[in-house]
Amino acid sequence: MHSDADQVLTTPRLRLRGFAVRDAIPLNLLMARPGVPEWLKIARTDAPWTAWSRALRGGGARTRRYTVTRTGDDGLIGLVGLSRDGRLHYVMDPDLWGRGLATEAVGAILAATRAGSSRGGPLRPAGNQR
């Protein structure tokens, strides 16, 4: 069975890896940061856990989600995902907004997906043989 945790995508500044249990608390804290719920159009009255689960919903196993980290540092700075029907979602640490990191992360997932589909395979990043 295919697992996002098996896949790693890299860019010059970022490492995108599968979401792990250890990411739940940092992502929950990120989703509660000022500005993030508004940017994601999440009601301010939602508990961070509710906001987190809403942001991840939609597509289930048909959505590829990656934890975004900096190269050389495994700490979560964001999340990016692409569903089979082409819906893209991402969230980044507001302290890092305006630096092109979300653009870089989205570019990595799109490039990997394009490479996989150009070989006639299902929507999954290049290099995954499962």
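Our structure's up above, just so we're on the same page.
Parameters at a glance
- Residues numbered from 1 in each chain as written.
- Predicted model: local features only at pLDDT ≥ 70, side-chain atom pairs only at ≥ 80, totals over all residues.
- Heavy atoms only, no water.
- Helix = DSSP H or I, 4+ residues; strand = E, 2+ residues; numbered from the N terminus.
- Buried < 20%, exposed > 50% of the residue type's maximum accessible area, 1.4 Å probe, protein only.
- Contact = heavy atoms within 4.5 Å.
- Areas by Shrake-Rupley, 256 points an atom, 1.4 Å probe, with all protein chains shown as cover.
- Pairing = 2+ DSSP bridges.
- Axes fitted to C-alpha atoms, helices over the stretch in contact; angles between N-to-C directions.
- Polar contact = N/O pair within 3.5 Å; in protein donor to acceptor, adjacent residues only side chain to side chain.
- Core = buried A, V, L, I, M, F, W, Y, C linked by side-chain atoms within 4.5 Å.
- Arc of directions from axis to C-beta.

1. With respect to the overall build of the protein chain
Then, number 1: Per the secondary structure count, the protein chain includes four helices and five strands.
Then, number 2: In the protein chain, the succession of α and β elements from N to C terminus is β-β-α-α-α-β-β-β-α.
Then, number 3: A burial count over the protein chain gives 43% of its 130 residues as buried.
Then, number 4: Taking as baseline every contact in the protein chain between residues at least 6 positions apart, the subset at least 24 positions apart corresponds to 56%.
Then, number 5: Entry remark: accessible area of the protein chain is about 7200 Å², with carbon and sulfur atoms responsible for 56%.

2. Concerning the sheet that holds strand β5 (residues 88–92)
Then, number 1: Taking strand neighbours across the sheet as the criterion, the five strands line up as β1-β2-β3-β4-β5 in an open arrangement whose pairing is antiparallel. Edge positions in the sheet fall to β1 (8–10) and β5, since each has one partner strand and no second. Going from strand to strand, the sheet's axes swing by 25 degrees on average, the running direction of each strand aside.
Then, number 2: Looking at chain direction, strand β2 (residues 14–18) and strand β3 (residues 63–70) are connected through five bridges and run antiparallel. Paired with Gly18 across the strands is Tyr66, a residue of β3.
Then, number 3: Relative to the sheet, helix α1 (residues 24–31) contacts β4 (73–83) and β5, its axis offset from that of β4 by approximately 75 degrees.

3. Examining the side chain of Thr11
Then, number 1: Considering the arrangement of structural elements, one finds Thr11 in the loop between β1 and β2.
Then, number 2: A polar atom in the side chain of Thr11 sits 2.4 Å from the side chain of Glu104.
Then, number 3: Apart from residues no more than four positions distant in its own chain, Thr11 is found in contact with Thr71, Glu104 and Ala108.

4. A closer look at the nonpolar core
Then, number 1: Within the largest apolar cluster, 16 residues are counted, with the highest numbers of intra-cluster contacts made by Leu14, Leu16, Val68, Ile77 and Val80.
Then, number 2: Elements with a minimum of two residues in this core: β2, β3, β4 and α4 (101–118).
Then, number 3: Non-local contacts of Val68, meaning those with residues more than four positions away in its chain, are made with Leu14, Arg15, Leu16, Gly75, Leu76, Ile77, Gly78, Leu79, Val80, Met92 and Ala105.

5. Some details on α1
Then, number 1: What α1 keeps buried is the set Ala24, Leu27, Leu30 and Met31. The buried side chains of α1 occupy one side of the element, clustering within an arc of 125 degrees when seen end-on. Those residues of α1 that are exposed and angled more than 90 degrees off the buried face are Ile25 and Leu29.

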